[in-house]
Amino acid sequence: MATDFDQEIDRQGTQSAKWGVIQDPDNPSRWIATDNYFGENRLLPLWVADMDFPAPQPVIDALVRRAGHGIYGYTLRTDSYDQAVVEWMARRHSWAIEPDWILSTPGVVPAVNWLVRTFAGPEKKVLVQQPVYYPFFSAIETNGSEIVSSPLILNDRRYSMDFADFEKKAADPSVSLFILCSPHNPVGRVWTREELTRIGEICLKHQVLVVADEIHGDLIYKGATFTPFAAISEAMAANAVVCTAPSKTFNLAGLHTSNIIIPNPALRRRFQQTLNSCGMGKWANPFGVVACETAYREGEPWLDDVLAYIEANLDFLEAYVDAHIPGIRVIRPEGTYLVWLDCRQLGLDPLELKRLMLEKARIFPDEGFIFGPEGEGFERINIACPRSVLKEALERIRRAVSGS
């Protein structure tokens with residue numbers, strides 16, 4: 001049964017983070033409950049990365065069957081689950097992995113924290129490419145490491161890597177880890193095989209381990225090709241930890257299930273020891289394992305449909321902004337359902353831009369500056385929503401910018 005992606009689904013009363021909380025204007029580290037997303041003069045939440053679409057129907061049916069069993073005890077991954085992950089990577093990405101390479105965690109963000117703790121830690125530095133997914137910053141700093149950034153370069157409306165600067169930073173003996181965001185959040189680049197190869201060779205040369213966050217790797221638009229970092233060569237695979245999950249792909253983030261793929265057995269043993277030390281060595285979420293396996297086995301038609309819908313949203317967004325909102329430029333993503341808006345021509349400082357979006361346009365995006373200083377003057381919005389919601393948001397932005 002085809003999903004009606006145009007249907008607006010009321011998420012009130014579902015404990016949704018996206019539709020249930022908002023940042024405290026006086027304390028950005030604090031989140032407060034709100035009903036402002038509902039009613040006649042509602043705010044529109046376009047911030048956190050989950051979709052406003054129901055999951056694939058086979059996943060819903062499988063979860064209902066599992067819930068109907070009535071017993072939700074300690075749960076283990078099965079051989080069938082692991083094989084579903086193996087087959088998905090082979091079918092969708094032409095990447096041959098082994099079941100033994102898979103370790104489970106309750107999400108990629110917890111995994112990144114544990115990976116920093118395992119392979120960097122105090123007195124070490126971790127390399128990132130800002131502007132970048134901001135939970136990387138806390139994962140690095142709360143585990144005692146230091147953030148080192150090799151900023152991306154924006155040429156017109158396309159970002160690229162600064163390989164000379166990256167190598168300079170990677171050559172520091174204190175840098176032990178590089179967190180690769182691929183596809184990149186928030187700028188939407190799907191790195192080419194050539195770009196990944198060059199960055200991987202630099203990391204091999206300077207003995208820097210690559211943690212590849214590939215959580216958006218299934219969400220790729222026409223004309224772009226996603227390359228799993230560890231699929232490039234055996235040498236790259238031996239120097240990589242790859243973080244994957246069905247959460248962004250199939251809108252399953254709340255089920256807290258991710259698959260961390262580590263081809264190198266020595267690295268895998270070290271990370272398993274960290275998981276064991278945190279009490280995370282064995283058990284799985286009973287609904288997460290059902291949803292992941294079902295999505296990978298039966299969810300591909302839904303994924304193709306949702307990608308087509310989101311790409312049409314992207315086309316609509318780009319055409320609307322170019323025609324009606326002078327001062328804002330769309331950095332068109334090659335992957336992800338997150339869009340990076342360049343608002344610098346509006347001439348507003350970060351707090352003024354935040355007030356424009358929240359108070360005048362009454363939308364709640366992610367502010368660009370939280371992704372690093374390179375993000376000042378930008379906004380990140382989530383377009384995985386019914387087109388009516390996106391259209392309403394864009395019209396609000398247009399009126400706010402024009403003062404009408």
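If you're wondering where the values come from, they're calculated on a predicted model, not measured in any experiment.

**With respect to the sheet that holds strand β17 (residues 378–382)**
And step 1. Pairing is antiparallel in the open sheet, where four strands are placed in the order β13-β14-β17-β16. In the strand order of this sheet, the two ends are held by β13 (329–331) and β16 (366–367), each with one partner.
And step 2. Note: β13 against strand β14 (residues 338–342), three bridges, orientation antiparallel. The partner of Arg329 across the bridge, within β14, is Asp342.

**Points about the UniProt feature "domain: Aminotransferase class I/classII large" (unreviewed entry) in the protein chain**
And step 1. Mapped onto this numbering, the UniProt entry annotates "domain: Aminotransferase class I/classII large" (unreviewed entry) at residues 51–397.
And step 2. From the first C-alpha to the last, residues 51–397 spans 21 Å; its make-up is 44% helix and 16% strand.

**Focus: helix α6 (residues 163–170)**
And step 1. Listed as buried for α6 are Phe163, Asp165, Phe166 and Ala170. End-on view of α6: buried residues confined to an arc of 160 degrees, all on one side of the axis. For α6, the exposed residues set more than 90 degrees away from the buried face come down to Ala164 and Lys168.
And step 2. Buried-residue contacts for α6 involve β5 (125–128), β6 (146–149), β9 (175–181) and α7 (193–205).

**Digging into the domain arrangement of the protein chain**
And step 1. One can read the domain layout of the protein chain as domain 1 (21–56 + 299–402) and domain 2 (70–298).
And step 2. On a C-alpha basis, the centroid separation for the pair domain 1 and domain 2 is 25 Å.
And step 3. Counting residues at the interface gives 39 residues for domain 1, matched by 40 residues for domain 2.
And step 4. Between domain 1 and domain 2, roughly 3400 Å² of surface is buried when both sides are summed, and carbon and sulfur atoms account for 54% of that area.
And step 5. Among the residues of domain 1 in contact with domain 2, Glu334, Thr336 and Phe371 are the three that bury the most area, contributing 21% of the side total.
And step 6. If you look at where domain 1 meets domain 2, you find eight salt bridges.
And step 7. One salt bridge connects Asp304 with Arg92, and the closest N-O pair in it is separated by 3.1 Å.
And step 8. Those elements giving two or more residues to the side of domain 1 that touches domain 2 turn out to be α12 (300–324), β13, β14 and β17.
And step 9. Per-element accounting of the side of domain 1 that touches domain 2 gives the leading share, 10 residues, to α12.
And step 10. Residues of the side of domain 1 that touches domain 2, tallied by class, amount to 22 nonpolar, five polar and 12 charged.

**Describing the sheet that holds β5**
And step 1. Across the sheet, seven strands lie side by side as β4-β12-β11-β10-β9-β5-β6; this open sheet has mixed pairing. Across the chains shown, the open sheet's two edge strands, defined by having one partner strand only, are β4 (102–105) and β6. The mean inter-strand angle of the sheet, taken between neighbouring strand axes irrespective of direction, is 25 degrees.

**Points about the nonpolar core**
General note: in soluble globular proteins, nonpolar side chains tend to be found buried as a group.
And step 1. Membership of the largest hydrophobic core comes to 97 residues, with the highest contact counts inside it found for Ile97, Phe178, Leu180, Phe229, Leu317, Tyr337 and Ile383.
And step 2. In terms of residues, this core owes the most to one element, α12, which gives 10 residues.
And step 3. Both domain 1 (21–56 + 299–402) and domain 2 (70–298) contribute no fewer than three residues apiece to this core.
And step 4. When neighbours within four sequence positions are excluded, Ile97 is seen to be in contact with Val85, Val86, Met89, Ile102 and Ile261.
And step 5. In this structure, Leu115, Val116, Phe137 and Leu209 belong to the second largest nonpolar core, which totals 31 residues.

**Considerations on the packing of aromatic side chains**
And step 1. Scanning the model with the defined rule gives 22 aromatic pairs in all.
And step 2. Aromatic side chains Phe5 and Trp302 sit 6.2 Å apart centroid to centroid with 65 degrees between the ring planes, which places their arrangement in the edge-to-face category. Within this pair, whereas Phe5 is found in the segment before α1 (17–20), its partner Trp302 is found in helix α12, the two being separated by 297 residues in sequence. Residues Phe5 and Trp302 agree in their burial class; the two are buried.
And step 3. Relative to Phe364, the ring of Trp47 lies with its centre 5.6 Å away and its plane at 45 degrees, an arrangement referred to as tilted. With Trp47 in the loop between β3 (44–45) and α2 (57–69) and Phe364 in strand β15 (residues 363–364), this pair connects stretches of sequence that are 317 residues apart. No difference in accessibility class separates Trp47 from Phe364, as the two residues are buried.

**Brief notes about the layout of surface pockets**
And step 1. One number sums up the size of the largest pocket: a volume of about 1100 Å³.
And step 2. In terms of lining residues, the largest pocket is bounded by 44 residues, among which Ala49, Asp50, Leu252, Ala253 and Gly254 are the most central.
And step 3. In terms of domain composition, the lining of the largest pocket takes at least three residues from each of domain 1 (21–56 + 299–402) and domain 2 (70–298).

Thresholds, definitions, all that
- Sequence order sets the numbering: in each chain, residues are counted from 1 along the sequence as written.
- Selection of residues for local features in this predicted model requires a pLDDT of at least 70, selection of side-chain atom pairs for listing and counting requires 80 or more, and totals for whole chains, interfaces and linings are taken over all residues.
- The side-chain quantities take in all heavy atoms of the structure and omit both hydrogens and water.
- Any two strands with at least two DSSP-identified bridges between them are counted as paired.
- For helices the rule is a DSSP run of H or I covering at least 4 residues; for strands it is a run of E covering at least 2, with both sets numbered from the N terminus onward.
- UniProt positions are given in the numbering used here, feature names are shortened, and annotations may be inferred rather than shown by experiment.
- For the exposure calls, accessible area comes from a 1.4 Å probe over protein chains only, and a residue counts as buried if that area is under 20% of its type's maximum, exposed if over 50%, partly exposed in between.
- Here the arc refers to the directions that run from the helix axis out to each C-beta atom.
- Note on definitions: a residue-residue contact is assigned when non-hydrogen atoms from the two residues lie within 4.5 Å.
- Domain segmentation is taken from an automatic or database assignment of domains.
- Two parts placed together each lose some accessible area under a 1.4 Å probe, and adding up what both lose gives the buried area.
- A carboxyl oxygen of Asp or Glu within 4 Å of a side-chain nitrogen of Lys or Arg is what we treat as a salt bridge.
- Following the grouping adopted for this structure description, the nonpolar residues are Ala, Val, Leu, Ile, Met, Phe, Trp, Tyr, Cys and Pro, the charged ones are Asp, Glu, Lys and Arg, and the polar ones are all others, Gly among them.
- Fitting a line to C-alpha atoms yields each axis, with helices limited to the stretch in contact; the angle taken between N-to-C directions then spans 0 to 180 degrees.
- For the purposes of this section, nonpolar cores are sets of buried Ala, Val, Leu, Ile, Met, Phe, Trp, Tyr and Cys residues that join through side-chain atoms within 4.5 Å.
- Two rings belonging to Phe, Tyr or Trp (six-membered ring only in the last case) form a pair when the distance between their centres is within 6.5 Å. Interplanar angles under 30 degrees mark stacking, angles over 60 mark edge-to-face geometry, and anything in between is tilted.
- Here a cavity is any set of points on a 1 Å grid over the protein atoms alone where a 1.4 Å probe fits but cannot get out, and a pocket is any open set with protein on both sides within 12 Å along at least 5 of 7 lines; a residue lines the site when it has an atom within 4 Å of a point.
- Grid points are joined across faces, edges and corners, and a volume is the space filled by probe spheres set on the points.

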